[in-house]
Each structure stands twice: as C-alpha cells, then as structure tokens.
Amino acid sequence: MAWKPSEKEEEYYARIEFEKKKKLEEEKHQKLAREEKQRLKELHFMKCPKCGMELIEIEYRGFKVDKCSECEGVWLDAGELETVSNLEKKGLDKLFSVFRK
Ligand SMILES: [Zn+2]
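Parameters and conventions
Residues numbered from 1 in each chain as written. Predicted model: local features only at pLDDT ≥ 70, side-chain atom pairs only at ≥ 80, totals over all residues. Heavy atoms only, no water. Helix = DSSP H or I, 4+ residues; strand = E, 2+ residues; numbered from the N terminus. Buried < 20%, exposed > 50% of the residue type's maximum accessible area, 1.4 Å probe, protein only. Contact = heavy atoms within 4.5 Å. Pairing = 2+ DSSP bridges. Donors = N, O, S within 2.8 Å, 3.2 Å for Na, K, Ca; no water. Tetrahedral: all angles 85-135°; square planar, octahedral: opposite > 155°, others 65-115°. Axes fitted to C-alpha atoms, helices over the stretch in contact; angles between N-to-C directions. Core = buried A, V, L, I, M, F, W, Y, C linked by side-chain atoms within 4.5 Å.

Visitor: Could you clarify how one ought to interpret the environment of aspartate 66 in this entry?
Guide: Along the chain, the position of aspartate 66 falls in strand S2 (residues 63–68). On the basis of relative accessible area, aspartate 66 is assigned to the buried category, the value being 5%. The spacing of aspartate 66 and arginine 34 is 32 residues in sequence and 26 Å in space, taken between C-alpha atoms. The residues contacting aspartate 66, other than those within four sequence positions of it, are Met46, Leu55, Ile56, Glu57, Gly73, Val74, Trp75 and Asp77.

Quick look at the structure:
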C-alpha cells in the first residue's frame, strides 16, 4: 500500500508553501517600497515642497537654509529651526538680508 499523506499533512505542507510564497511577495513589496522611496527622494531632492521648483541652498553661521527660486519659501533642515530660534534678532535680520533682493 502506497503511503498517502493525511489531510492534515497536506494542509500543513500547503500552508508552508503559502507562507513561503507570501514571504517572497512581501520581500518584493518591501523592495518596491524602498525603490519607490529612493525614486521619490531623487525626484524631490532640493525641490521646493510647495511649488516643486529648484531650491537654492545657502550656508549661514554653520546651518543651511534652502530658499525656493520660485515661490521664495524658506526651508530648514531638521534641528535648524531651534538654531534659528536661538539667534538674536540681529542675527536673524542678517540671515534674511542674505535673501533680500
Ligand atoms: Zn517654491
């Protein structure tokens, strides 16, 4: 008599097969998400979050400020808001005078 797997075993192996394929799919999705993130990062790097035009970066007192070439929005990197908020008014005036036309 040929050995016949029981229903339980078949179910078990089917589930293992499913888990294996699911894991592969999940890895594919994660890879896609990473690639998409990278693509978006490259697409948006140094672009204005408001209007999408090029940002111009200036360095002032050790921190970098990005100013939009189109809508004139000013963007700060992480932690820079605190640095700017610690500047005395004179320093702030100087910073913004860099941008003045
Ligand atoms: Zn802009």
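Continuing now.
Visitor: Could you clarify how one ought to interpret the pairing of strand S1 (residues 55–60) in this entry?
Guide: Every regular strand shows the same layout, with side chains that alternate between the two sheet faces. Sheet analysis places S1 next to S2, joined by 6 bridges and oriented antiparallel. Each bridged residue has a counterpart across the sheet, and for glutamate 57 the counterpart in S2 is aspartate 66. Between the antiparallel neighbours S1 and S2 lie 2 residues, among them arginine 61 with a positive phi of about 50°.

Visitor: In this structure, what is going on with the coordination of the zinc ion? I would like to understand it.
Guide: Angles at a metal have ideal values that depend on geometry: 109.5 degrees with four tetrahedral donors, 90 or 180 degrees with six octahedral donors. Looking at the zinc ion, one finds its protein donor set to be Cys48 (SG), Cys51 (SG), Cys68 (SG) and Cys71 (SG), positioned 2.2 to 2.4 Å from the metal centre. Coordination at the zinc ion is tetrahedral, judged from the 4 donor atoms that bind it and the angles of 99 to 121° they form at the metal. Of note, the donors binding the zinc ion are all from one chain and are spaced C-x2-C-x16-C-x2-C. On the basis of relative accessibility, which here comes to 30%, the residue cysteine 51 falls in the partly exposed class.

Visitor: Honestly, the sheet that holds S2 in this entry has me stumped. Any pointers?
Guide: Neighbouring strands of a sheet are bound in pairs by backbone hydrogen bonds; such pairs are parallel or else antiparallel. Read from one edge to the other, the open sheet built from 3 strands follows the order S1-S2-S3, with strand pairing classed as antiparallel. With one partner strand each, in any of the chains shown, S1 and strand S3 (74–76) form the two edges of the open sheet. Averaged over all pairs of adjacent strands, the angle between strand axes in this sheet comes to 30°, irrespective of strand direction. Its contacts with the sheet place helix H3 (residues 89–99) against S1, S2 and S3, and it is angled at close to 145° to S1.

Visitor: Looking at this structure, I do not really get the nonpolar core. What am I missing?
Guide: Most often, soluble globular proteins keep nonpolar side chains buried together rather than apart. If you look at the biggest cluster of nonpolar residues, it comprises 8 residues: Ile58, Tyr60, Phe63, Val65, Val84, Leu87, Leu95 and Phe99. Among the secondary structure elements, those contributing two or more residues to this core are S1, S2 and H3. Apart from residues no more than four positions distant in its own chain, leucine 87 is found in contact with Arg61, Phe63 and Leu92.

Visitor: Would you mind showing me how to read unusual backbone geometry here?
Guide: Among all residues except glycine, the phi angle is most often negative; among peptide bonds, the trans geometry is most common. Its identity is not glycine, yet methionine 46 carries a phi of approximately 60°, on the positive side. The residue methionine 46 is located in the loop between helix H1 (7–44) and S1 in this model. Unlike most non-glycine residues, glutamate 72 shows phi in positive territory, near 70°. Within the element layout of this structure, glutamate 72 appears in the loop between S2 and S3.

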